[in-house]
Amino acid sequence: MCAMLELKNVNKTFNAGTINEKHVLKDLNLTMEEGDFVTVIGGNGAGKSTMLNAIAGVWPVDSGAILVDGNNITGLPDFKRAPYIGRVFQDPMMGTAPDLQIGENLALAARRGKPRSLRWGFTKKEAENYRESLKILGLGLEDRITQKVGLLSGGQRQAVTLLMASYQNPKLLLLDEHTAALDPKTAKKVLDITKQIVADQHLTALMVTHNMKDAIATGNRLIMMYEGRIIFEAAKEDKKKLTVDDLMRKFSEVAGEEFSNDQALLTR
Amino acid sequence: MHILLARGGLNVMTLLGTFPSGIAQGMIWGIMALGVYITFRMLDIADLTVDGSFTTGGAVAVMLITSGTNCWIALAAASVAGLLAGLTTGILHTRLGIPAILSGILTQFALYSINLAIMGFSANKAVSVDRYVLAVSSRYINAALITGVIIAVALVSALYWYFGTEHGSAMRATGNNPDMSKALGININSMKVIGLALSNALVAFSGGLMAQYQGFADINMGRGAIVIGLAAVIVGEVFGEMLLKKRMNFYGRLLSVVSGGIIYYLVVCVALWLKINSNMLKLMTAIIVVIFLAVPYLQSVSHASFKKAGKNSLKEVR
């Protein structure tokens, strides 16, 4: 079986050659099999979001290779990686176009990574499908398909973004702290929807979170990052047995002195 | 007051007499405003290329017609010339990393020389309706009005169709949320280039119409076109919202933009009828645009201002 995602010795340095030089990803290696749902934790500056941005192609990496389902995508800019990758951002405003209708947003996502032709962009037949898929969210949005997305709350927009990212059956779903900007109740709802969509569509997903409980309770694998590397990993049964205290202990072992600074950034 | 107003009585009939011509010219500016609408509203770029490309359109059309080309073919050629101008601005912006507004200024600046060259290094070129068949002419205002309406409706319909297609939707998304667009596989740089090209093609087309209507192309005919275009876009939107309210759809919005050009030009007619010095029109136009752009902003600020908060806080402090 071919790995769905492979990171091979990926390096990324920001502001190279200046006083602010920061080597954020250091010979990073990660392999995800089809159907893996990996949660990523780590302190601030550990490289979690940078890893996701490297995979999404926000900028080119300095060295190393990124393969999705056996395709080498290292040399492709973000918009050319879109056929393989669905993304949900931390900022709920970033994943949807506010002045376009809910249906129009979904129609754009339903064509992710495909050539945009001069065919009609949003047909009546599609609208019926979108109404069905909006029902999955359980937010009553199926009756508001012609409303502008800008009228929705942050949580609703994040749920719509999730739905959009799951269209076209992406090889990989990237979730970059996508519940961090939401209130606890809404965050739970969005996380539940995430689990449901990933399970229903058998997606391969990579989720960054600050919340250790979520990291343990979600997915089948957990990785902890520190200073640009993966320093701890647990899968399946081992992961289920993990507690927040285990993770804190593990973290302090590696991080040592700096632990006290970073501890505040992780939420139980 | 004598700087602004000239002497003489005011006659309402004289004013009404200027309306048909005003509507015809306003419609031509309205067509240009459709181009401005694409960049300003869809791509969120204030594209200053239009001041140059409007003249380019006029110059190309007049030179071709006077050398015996059919007026419609000349208009098509004018559009292609405008398209190339927009393409240049787009490439300066997306490939060379020059800010959009500066890219437009640079192209516009360069077009001054190019436009002069097109007109054989003369500041203006006449095209007489007595010698050539023209698409529109101020001499035959009724015919010009009919032609203008047909062209405007055709262009509005074409834009309505385009922005409903997959490609057009992707362009709307590009201006509305570039990050999302990239994540959905849209090449936002090429979208911007295509949008700028399309916009300037429309602007040059209307420049070609204007040159025929007034019977000459002039090196300065496009000066301030972007401001007039913006005036038409925002004035049209405001009046469109007032008239159509909830029924305002995208087709209505595009028609409003064209109507905005007409409203703008009728205001100009009234100003001229009031004997306001025509040299003061640009000042007036600028003030109109400032008011229409500032009012929505000031309204939003007035709900939450530091001044107000400071005033309210005094109740607690005293």
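Residues numbered from 1 in each chain as written. Chains lettered and ligands numbered in written order. Predicted model: local features only at pLDDT ≥ 70, side-chain atom pairs only at ≥ 80, totals over all residues. Heavy atoms only, no water.

Engineer: Before we go on, may I ask you to explain the nonpolar core in this structure?
Structural biologist: One recurring pattern in soluble globular proteins is that nonpolar side chains are buried together. Judged by nonpolar contacts, the single largest core of 114 residues is most densely connected at Leu106(A), Leu34(B) and Leu209(B). With 13 residues, the top contributor of residues to this core is helix α1 (residues 12–42) of chain B. (Core = buried A, V, L, I, M, F, W, Y, C linked by side-chain atoms within 4.5 Å. Buried < 20%, exposed > 50% of the residue type's maximum accessible area, 1.4 Å probe, protein only. Helix = DSSP H or I, 4+ residues; strand = E, 2+ residues; numbered from the N terminus.)

Engineer: Sorry if this is basic, but what is going on with the pairing of strand β7 (residues 172–176) of chain A here?
Structural biologist: All names here are of chain A. For β7, the tally of buried residues reaches five of five residues, placing the bulk of the element in the interior. Burial along β7 is two-sided: Leu 172, Leu 174 and Asp 176 facing one way and Leu 173 and Leu 175 facing the other are all buried. Two strands pair when backbone bridges link them, and strand β6 (residues 85–88) and β7 are joined in this way by four bridges, in the parallel orientation. The residue of β7 that forms the bridge with Arg 87 is Leu 174. The sheet contact formed by β7 and strand β8 (residues 205–208) spans four bridges and is parallel. Bridge pairing links Leu 174 to Leu 206 in β8. In the classification by handedness, the crossover that spans β7, the intervening helix α6 (residues 184–200) and the parallel β8 is right-handed. (Pairing = 2+ DSSP bridges. Right-handed = clockwise from strand over helix to strand, strands pointing away.)

Engineer: Looking at this structure, I do not really get the interface of chain A and chain B. What am I missing?
Structural biologist: How large an interface is tends to be reported as the accessible area lost when its parts come together. Each side of the interface is counted separately: chain A has 30 residues, and chain B has 21 residues. For the pairing of chain A and chain B, the buried interface totals around 2,200 Å² over both sides, and the portion due to carbon and sulfur atoms is 61%. There are three salt bridges connecting chain A and chain B. Arg172(B) is paired through a salt bridge with Glu104(A); the nearest N and O atoms lie 3.2 Å apart. Contributing elements (two or more residues each) for the side of chain A that touches chain B: α2 (78–81), β6 and α3 (102–110) of chain A. (Contact = heavy atoms within 4.5 Å. Buried area = accessible area lost by both parts, 1.4 Å probe. Salt bridge = Lys/Arg side-chain N within 4 Å of Asp/Glu carboxyl O.)

Engineer: Just checking my understanding: could you explain helix α11 (residues 281–303) of chain B for this structure?
Structural biologist: The α-helix advances 3.6 residues per turn, and as a result positions three or four apart in sequence lie on the same side. All names here are of chain B. Its 23 residues give α11 an end-to-end C-alpha distance of 34 Å, which sits within 8% of 33 Å, the value for a rise of 1.5 Å per residue. Bending of α11 peaks at approximately 30 degrees at the position of Ala 294, with proline Pro 296 no more than four residues after it. Packed against the buried residues of α11 are α9 (225–244) and α10 (250–273). (Expected span 1.5 Å × (residues − 1). Bend = angle between axes of the 7 residues up to and from the residue.)

Engineer: How do you make sense of the sheet that holds strand β10 (residues 229–235) of chain A when you look at a structure like this?
Structural biologist: In sheet architecture, strand pairing relies on hydrogen bonds along the backbone and comes in two forms, parallel and antiparallel. Residues and elements named next belong to chain A. Read across the open sheet, the six strands follow the order β6-β7-β8-β3-β9-β10; overall the sheet is mixed. Strands with a single pairing partner mark the edges of an open sheet, and in this sheet they are β6 and β10. Strand-to-strand twist in this sheet, taken as the mean axis angle between neighbours without regard to direction, amounts to 20 degrees. Packing against the sheet, helix α1 (residues 48–56) makes contact with β3 (37–41), β6, β7, β8 and β9 (221–226), and its axis sits at approximately 145 degrees to β7. (Axes fitted to C-alpha atoms, helices over the stretch in contact; angles between N-to-C directions.)

Engineer: What's the story with the packing of helix α5 (residues 141–164) of chain B against α10(B) in this structure? I'm lost.
Structural biologist: Each packed pair of helices is defined by two parameters, the angle between the axes and the distance between the axes. Residue and element names in this part refer to chain B. Between α5 and α10, whose axes approach to 10 Å, the crossing angle comes to 140 degrees. As judged from the angle between their axes, α5 and α10 are oblique. Between α5 and α10 the crossing geometry is right-handed. Touching Ala 152, Val 153, Val 156, Ser 157, Leu 159, Tyr 160 and Phe 163 of α5 are Phe 250, Tyr 251, Leu 254, Leu 255 and Val 258, all from α10. Grouping the amino acids of the contact of α5 with α10 by side-chain chemistry returns eleven nonpolar, one polar and no charged. (Parallel < 35°, antiparallel > 145°, perpendicular 65-115°, else oblique. Left-handed = near helix turned anticlockwise from the far one by under 90°. Nonpolar A, V, L, I, M, F, W, Y, C, P; charged D, E, K, R; others polar.)

Engineer: Would you mind showing me how to read the environment of Tyr213(B) here?
Structural biologist: All names here are of chain B. Note that Tyr 213 resides in helix α8 (residues 188–214). For Tyr 213, a relative accessible area of 2% puts it in the buried group. Remark: the alpha-carbon pair of Tyr 213 and Gly 120, spanning 93 residues in sequence, is separated by 21 Å. A polar contact of 3.0 Å, which involves the side chain of Tyr 213, links it to the side chain of Ser 21. (Polar contact = N/O pair within 3.5 Å; in protein donor to acceptor, adjacent residues only side chain to side chain.)

Engineer: Looking at this model, I keep getting lost on unusual backbone geometry. Mind explaining?
Structural biologist: Leaving glycine aside, a negative phi is the common case for residues, and trans is the common case for peptide bonds. Non-glycine residue Asn9(A) carries a positive phi angle of around 45 degrees. Mapped onto the secondary structure, Asn9(A) falls in strand β1 (residues 5–14). Residue Phe121(B) is not a glycine yet carries a positive backbone phi of 55 degrees. Summarising the element assignment, Phe121(B) is placed in the loop between α4 (100–118) and β1 (124–126).

Engineer: Explain the packing of α5(B) against α8(B) to me, please; I cannot follow it from the model alone.
Structural biologist: Residue and element names in this part refer to chain B. Contact pair α5 / α8: the axes reach a minimum separation of 13 Å and the direction vectors enclose 175 degrees. By the angle class used here, α5 and α8 are roughly antiparallel. Within the contact between the two elements, α5 uses Ile 141, Ala 144, Ile 151, Leu 155, Leu 159 and Tyr 162 and α8 uses Leu 198, Leu 202, Phe 205, Leu 209 and Tyr 213. The class makeup of the residues in the contact of α5 with α8 is eleven nonpolar, no polar and no charged.

Engineer: Even after reading the chapter, I still don't get the pattern of salt bridges, so can you show me in this structure?
Structural biologist: Should their charged atoms come close, side chains of opposite charge can pair. This structure, assessed with the given rule, holds 17 salt bridges over all chains. One salt bridge in this structure joins Arg253(B) and Glu241(B), with 3.2 Å as the shortest N-O distance. Note that Arg253(B) is positioned in helix α10 and Glu241(B) in helix α9, a separation of twelve residues in sequence. Beyond isolated ion pairs, a larger network of salt bridges with shared partners links Asp36(A), Arg221(A) and Glu233(A).

Engineer: How should I be thinking about the sheet that holds strand β5 (residues 71–72) of chain A in this particular structure?
Structural biologist: Residue and element names in this part refer to chain A. One open sheet accounts for four strands, arranged β2-β1-β4-β5; its pairing is antiparallel. Lying at the two open borders of the sheet, with one neighbouring strand each, are β2 (22–32) and β5. In this sheet, β5 lies alongside strand β4 (residues 63–68) in antiparallel orientation, the contact comprising two bridges. Residue pairing in the sheet places Val 68 in a bridge with Asn 71 of β5. Relative to β2, α1 is tilted by about 70 degrees, and along the sheet it contacts β1, β2 and β4.

Engineer: Hey, could you run me through helix α6 (residues 166–176) of chain B in this one?
Structural biologist: By the criterion of burial, α6(B) is predominantly enclosed, with ten of the eleven residues buried. Those residues of α6(B) not exposed but buried are Glu166(B), His167(B), Gly168(B), Ser169(B), Ala170(B), Met171(B), Arg172(B), Ala173(B), Thr174(B) and Gly175(B).

So, to be careful, I would describe these as geometric facts and stop short of saying anything about function.
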